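# Remarks on the overall topology
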Amino acid sequence: MTIKIDAHIQALPATIPFVAPERTERESGNQFVARLGANENNLGCSPNAIEAMARIASQSVGQYADPENFSLRLALCQHLGIEMNNVVIGSGIDGLLGLIVRIFSSPKDTILTSAGAYPTFNYHVAAYDRTLLTVPYRDDHEDLDALAQEAQKTHPAIVYVSNPDNPMGTWWPAKDIEDFINKIPEDTLIILDEAYGETAPEGTLPPIDCTRANLLRVRTFSKAYGIAGLRCGYAIGNSALILPFEKIRNHFGINIMAQAASEAALKDQKWLMQTLETNAQARDRLSAIAIENGLKPIKSATNFVTIDCGQDGAYAMQVLKGLMERRIFVRKPMAPVLDRCIRVSTGKDEEINQFSTALAAVLKDLQ
């Protein structure tokens, strides 16, 4: 007897949005000497977060976590100036995006995004049998005007935009984002992905306004706060948008260590400021290395630098493969036009040194 599998699920390819460095290491038999491909915070997290994790490990790890995430939600509300019913905790932005697609759209509904934007969002759209509609980037930015025009024309269930953007690292000022939001039909949910909000220049993030009836903003502790491995993020929005999460979310999905570490990290803003300063210095170094090698860095507001390799996607792929062969883990955009680039995360000095040496060697080999 064959066990029934949903027909739509059966038809999907067995795939993941990203190939992890661990898989490459297993297949090659070599470990990377510089892990600069996943936009992780290689600088680490707050000592207070480490202390919180140690305390939980020694005292409370045998207990279930608070299913209401009360203490963390309260800390976020105090930090952001919002109410408890305006925030929901999820297993990173990735987990929240899956819930959002499930809650705010139905099978075959149209969902709008940019061609080449964050692929995990597209993964969820496909998994829930929604129809993906895309518009191209313009000048290495998500094209807010084109997205708004398409939304006005098609009235999609959801429109997704990130600011700052992954994979290009570019950003729009808050005023441009606010203008975009005001152009979107009221019956279309806007997902504003602010995963890199902490690393962006002042004036990038619009003020939080939870009265907006069709806007969800998603943020994470994975990037600037440096605890990607614990999988903890949150969505901010109108209480009417937050309430449906309580109907389907995994209430024990945010483990006790993630809750404690995220709260401790949030409260250590001094450490965050130090991290952001170091990240900016590393960003400048990566940009300088690109220029030294005759390549063009794209100005970034994130914890990575996207580097224009100056030719087509095939050439950029050769650069990426050459770096990987030299045990430097980086990634690249895959969408046409964007695929001329590689993307390099900020990291420790020794990792950037390794990247610098390897990049020069790869480009020399390709001459």
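The notes below deal with the structure included here. (Residues numbered from 1 in each chain as written. Predicted model: local features only at pLDDT ≥ 70, side-chain atom pairs only at ≥ 80, totals over all residues. Heavy atoms only, no water.)

Spatially, the three strands line up as an open sheet ordered β9-β10-β12, and their pairing is antiparallel. Every other strand in the sheet has two partners, leaving β9 (296-298) and β12 (341-345) as the edge strands with one partner each. Pairwise comparison of adjacent strand axes, ignoring direction, gives a mean angle of 30° for this sheet. Summarising the sheet, β9 and strand β10 (residues 304-308) pair through three bridges and their orientation is antiparallel. Across the sheet, residue I298 finds its bridge partner in β10, namely T306. Helix α12 (residues 269-292) rests against β9, β10 and β12 of the sheet, and its axis sits at about 15° to β10. (Pairing = 2+ DSSP bridges. Helix = DSSP H or I, 4+ residues; strand = E, 2+ residues; numbered from the N terminus. Axes fitted to C-alpha atoms, helices over the stretch in contact; angles between N-to-C directions. Contact = heavy atoms within 4.5 Å.)

With respect to the helices and strands, the residue I242 is situated in helix α9 (residues 239-242). On the basis of relative accessibility, which here comes to 4%, the residue I242 falls in the buried class. (Buried < 20%, exposed > 50% of the residue type's maximum accessible area, 1.4 Å probe, protein only.)

The subject of this paragraph is unusual backbone geometry. Cis geometry marks the peptide bond from N163 to P164; its omega dihedral reads -5°. Relative to the assigned elements, P164 resides in the loop between β5 (158-162) and α8 (174-183). With phi around 50°, N69 is a residue other than glycine that occupies positive phi space. Relative to the assigned elements, N69 resides in the loop between α3 (47-59) and α4 (70-80). Even without glycine at this site, D129 takes up a positive phi of about 65°. Position of D129 among the secondary structure elements: in the loop between α6 (119-127) and β4 (131-135).

Each strand in a sheet pairs with its neighbour through backbone hydrogen bonds, running either in the same direction (parallel) or in the opposite one (antiparallel). Spatially, β2-β8-β7-β6-β5-β3-β4 is the arrangement adopted by the seven strands of the open sheet, whose pairing is mixed. Every other strand in the sheet has two partners, leaving β2 (87-90) and β4 as the edge strands with one partner each. The average undirected angle you get between the axes of adjacent strands in this sheet is 20°. Across four bridges, β2 lies against strand β8 (residues 233-237) in antiparallel orientation. Paired with V87 across the strands is I236, a residue of β8. Across the sheet, helix α5 (residues 92-104) lies against β2, β3 (110-114), β5, β6 (189-193), β7 (215-220) and β8, angled at about 160° from β7, the strand it touches most.

Burial analysis of β12 places five of its five residues in the buried class, which makes it a mostly covered element. Of the two faces of β12, the one carrying C341, R343 and S345 and the one carrying I342 and V344 are both buried. Here β10 runs beside β12; their pairing, made up of five bridges, is antiparallel. The residue bridging D308 from the neighbouring strand is C341, located in β12.

This part takes up the nonpolar core. Core analysis: the biggest nonpolar cluster contains 34 residues, and L76, I82, I89, F221, I227, C232 and Y234 have the highest contact counts within it. The set of elements that each furnish at least two residues to this core consists of α3, α4, β2, β8, α11 (256-267) and α12. In terms of residue count, α11 provides more of this core than any other element does, eight residues in total. Those residues in contact with I82 that lie beyond four places of it in its chain are C77, V87, I208, C210 and I236. Counting residues in hydrophobic clusters, the runner-up holds 33 residues, among them F104, I111, A157 and V218. (Core = buried A, V, L, I, M, F, W, Y, C linked by side-chain atoms within 4.5 Å.)

What follows concerns the packing of aromatic side chains. Within this structure, the stated rule accounts for seven aromatic pairs. Measuring from ring centre to ring centre gives 5.4 Å for Y64 and F252, while their planes differ by 50°; the resulting arrangement is tilted. Of this pair, Y64 sits in the loop between α3 and α4 while F252 sits in the loop between α10 (245-248) and α11, and the two are 188 residues apart along the sequence. Residue classification places F252 among the partly exposed positions, given a relative accessible area of 46%. (Phe/Tyr/Trp six-rings, centres within 6.5 Å; stacked < 30°, edge-to-face > 60°.)

Glancing now at empty space enclosed by the protein. Counted according to the given criterion, the structure contains two cavities of 30 Å³ or more. In this model, the largest cavity occupies a volume close to 60 Å³. Along the walls of the largest cavity sit E40, N41, N42, L43, T199, K223, A224, T275, N279, N303 and T346, which together make up its complete lining. Here the lining of the largest cavity is composed, by residue class, of two nonpolar, seven polar and two charged. Of the volumes computed, that of the second largest cavity is approximately 40 Å³. Contributing to the lining of the second largest cavity are I208, D209, C210, L215, R217, I236 and G237. Taken together, the elements giving at least two residues each to the lining of the second largest cavity come down to β7 and β8. Across the lining of the second largest cavity, the residue classes break down as four nonpolar, one polar and two charged. (1 Å grid on protein atoms, 1.4 Å probe; cavity = no way out; pocket = protein on both sides within 12 Å on 5 of 7 lines; lining within 4 Å. Points joined across faces, edges and corners; volume = space filled by probe spheres on them. Nonpolar A, V, L, I, M, F, W, Y, C, P; charged D, E, K, R; others polar.)

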